[in-house]
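Chain residues, written in single-letter form:
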Amino acid sequence: MNPIFSSGPSLQNKLAFGLILSVSLIIFDHKFNGFGTTRVYLNSLVSPLQYLANLPGELIDASLTRLSSHEQLLDENAQLTLQATLMSQELQRMTFLKEENSRLRRLLNSPAKQHTRKEVAELMAVDNNPYSHQILINKGALNGVYEGQAVLDENGIVGQIMQVSSTNSRVLLIADITHAIPVRVARNNLRLVVSGSGSLDELHIQHVSHSADLKEGDLLLSSGLGRVFPEGYPVAEITSIVRDETRPFAVVRAKPVAQLDRLKYLLLLWSEDDENSQISAEEEAP
Amino acid sequence: MQFRAYAIALSLLCALVLQIMPMPASVDLYRPEWVLLVLSYWTLALPHRVNIGIAFINGLILDILLGSSLGVHSLAMCVSIYVLAANYQRLRNYSVWQQAIVIGVTSAFYNLIVFWLQHMLTDVYFLITYMWPVVSSMVIWPWLFWLLRKLRRQLRLS
């Protein structure tokens, strides 16, 4: 073990080997998407590290809940009771409207898609990779989560599932620069595509003609056209429109409705379609 | 005896955990490059035990943990650690503060390689705030150096 006369391959050879391996991994992973299922195992393999990293935060959370005062709890309780009362009133109206809507839909022979199964997931970790916006949630393949599934919070659409491992999965937020979602304007059903900007509180809308009927404050709902996101959930609100005629398109910016920087509980949706297709696939399999 | 055999691996594990630990967004910007720092120390102290191979593996684990394309961090880590491993005899003779500057430059180099690769794969654009880890890594280096040297001398690792 003499460091002056080192054995094994030289440093340069090791570097060359590492570089070649890395570059081929990048090409294989990114260009050909060659690690589809392997990544599930890789993610499951490193998930103990993620749980370990999460531990201090959870301990602080737990001790904070223990220390929260009686008064605080009473306040919160009163607030929630009020909210529940208001909600239940809305709900009564909602059931009536729902029935009416489905009756009308039946008359038109086009039943609205129902989302039968829902599940609440909790935020586990936020990636500190500054180049992409992803979060980790505590539901995985064991809970039936699949790639491309829509993820919502209480206000609107948050993103879609990007990678699944056995007990947790990774969500790509709508603010990520590689993400885009088809939407329509709630006011006039104009179809648009909203893409992420790389910053959490801004979204870009590209290829909007100068004459498009858009106003600041317009609410954008998911249109369901990409067959990834369910129809009719709020996505963003338009914040600014610059109609500079020297440019080919108007510059439109929007703000996500979901609070992407303070997520805690998330909702996963399984559409009826997928379940049916899964069941039929299972039936065909044997 | 057991601990002695796994000391380097355990220190790297701690670095990985620190690297992915959830933090408030305002603090997150200044998170030092823990894995790079710990790897740099072991490369300078024991270059025949820790060098490009270990760096590659740690980069790959970082790729999986951070959800980037496999190979991005491992490539950057290989190149940065190569620079240190090739010059370890000279760098050892520097004072801790001079080393901190060298580490700062290396971490800037590392960050730029990662950014450059990400830029080729997806079209992210550069924000100067991406370079805050360089400053925090430089500030943390003398203390980390002291801590890890203490660990190495206590356990007489070689």
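Residues numbered from 1 in each chain as written. Chains lettered and ligands numbered in written order. Predicted model: local features only at pLDDT ≥ 70, side-chain atom pairs only at ≥ 80, totals over all residues.

Draft legend 1. Looking closely at the overall build of chain B. When helices and strands are tallied, chain B shows eight helices and zero strands. Along chain B, from the amino end to the carboxyl end, the secondary structure elements read α-α-α-α-α-α-α-α. Per-residue burial over chain B gives 41% buried out of 158 residues. Long-range contacts, defined here as pairs at least 24 residues apart, represent 66% of the contacts in chain B between residues at least 6 apart. (Helix = DSSP H or I, 4+ residues; strand = E, 2+ residues; numbered from the N terminus. Buried ≥ 20, exposed ≤ 12 C-beta atoms within 10 Å, placed from the backbone. Contact = placed C-beta atoms within 7 Å.)

Draft legend 2. Highlighting the interface of chain A and chain B. Of the residues lining the interface, 38 residues belong to chain A; the matching set on chain B comes to 37 residues. Put simply, the parts of the chain that give the side of chain A that touches chain B at least two residues each are α1 (11-31), α2 (38-67) and β1 (117-126) of chain A.

Draft legend 3. Representation of the confidence of the model for chain A. Averaged over every residue, the pLDDT of chain A is 83; residues scoring 70 or more account for 88%. Considering only residues more than four positions removed or in separate chains, one finds that residues 275-286 of chain A, a stretch of pLDDT under 50, has three contacts. (pLDDT = per-residue confidence, 0-100.)

Draft legend 4. Examining the nonpolar core more closely. Grouped together as the largest cluster of nonpolar side chains are 90 residues, with contacts concentrated most on Val 158, Val 194 and Val 235 of chain A together with Cys 78 of chain B. Broken down by element, this core gets its largest block of residues, ten residues, from helix α5 (residues 72-86) of chain B. A domain split of this core shows at least three residues from each of domain 1 (12-67) and domain 2 (118-271) of chain A. Not counting the four nearest positions on each side in its chain, Val 235 of chain A is found in contact with Gly 156, Ile 157, Ile 174, Ile 181, Val 183, Val 194, Leu 220, Leu 221, Ser 222 and Val 257 of chain A. (Core = buried A, V, L, I, M, F, W, Y, C linked by C-beta atoms within 7 Å. Domains from an automatic or database assignment.)

Draft legend 5. Summary view of the packing of α5 of chain B against helix α7 (residues 96-121) of chain B. All names here are of chain B. Interhelical geometry of α5 versus α7 gives an angle of 150° and a closest axis separation of 9 Å. Between α5 and α7, the angle is such that the two are roughly antiparallel. As for how α5 packs across α7, the hand of that crossing is right-handed. Taken together, the residues of α7 that come into contact with α5 (itself represented by Val 72, His 73, Leu 75, Ala 76, Val 79, Ser 80, Val 83 and Leu 84) are Thr 106, Phe 109, Tyr 110, Ile 113, Val 114, Leu 117 and Gln 118. Residues that form the contact of α5 with α7 fall into these classes: eleven nonpolar, four polar and no charged. (Axes fitted to C-alpha atoms, helices over the stretch in contact; angles between N-to-C directions. Parallel < 35°, antiparallel > 145°, perpendicular 65-115°, else oblique. Left-handed = near helix turned anticlockwise from the far one by under 90°. Nonpolar A, V, L, I, M, F, W, Y, C, P; charged D, E, K, R; others polar.)

Draft legend 6. Spatial organisation of the pairing of strand β4 (residues 157-164) of chain A. All names here are of chain A. Within β4, seven of the eight residues are buried, leaving the element largely enclosed by the surrounding structure. Where β4 and strand β5 (residues 169-173) come together, five bridges link them in antiparallel fashion. From the neighbouring strand, Gly 159 faces β5, where its bridge partner is Leu 173. Counted along the chain from β4 to the antiparallel partner β5, the turn is four residues long. (Pairing = 2+ DSSP bridges.)

Draft legend 7. Structural context of helix α3 (residues 70-108) of chain A. In this model, α3 of chain A (39 residues) spans 55 Å end to end at C-alpha, consistent with the 57 Å of a helix rising 1.5 Å per residue. Within α3 of chain A, only zero of the 39 residues are buried, which leaves it mostly out in the open. (Expected span 1.5 Å × (residues − 1).)

Draft legend 8. Representation of the packing of α7 of chain B against helix α8 (residues 132-155) of chain B in the model. Residue and element names in this part refer to chain B. Where α7 contacts α8, the axes come no closer than 8 Å and their chain directions differ by 140°. As summarised for this structure, α7 and α8 are arranged oblique, according to the angle between their axes. Read as a crossing pair, α7 and α8 show a hand that is right-handed. Judged by residue contacts, Val 96, Gln 99, Ala 100, Ile 101, Ile 103, Gly 104, Ser 107, Ala 108 and Asn 111 of α7 engage Pro 133, Val 134, Ser 137, Met 138, Trp 141, Pro 142 and Phe 145 from α8. Within the contact of α7 with α8, the residues separate by chemical class into eleven nonpolar, five polar and no charged.

Draft legend 9. Broad picture of the environment of Ala 180 of chain A. By the secondary structure assignment, Ala 180 of chain A is in strand β6 (residues 180-185). Ignoring sequence-local partners within four residues, the contact set of Ala 180 of chain A consists of Val 193, Val 194 and Ser 195 of chain A.

Draft legend 10. Spotlight on the sheet that holds strand β12 (residues 265-270) of chain A. Residues and elements named next belong to chain A. Spatially, the six strands close up into a barrel ordered β1-β2-β5-β4-β3-β12, and their pairing is antiparallel. Shown here is a sheet whose adjacent strand axes are inclined to one another by a mean of 45°, direction ignored. Most of the contacts of α2 go to β1, to which it runs at about 65°, and overall it touches β1, β2 (134-137) and β4.

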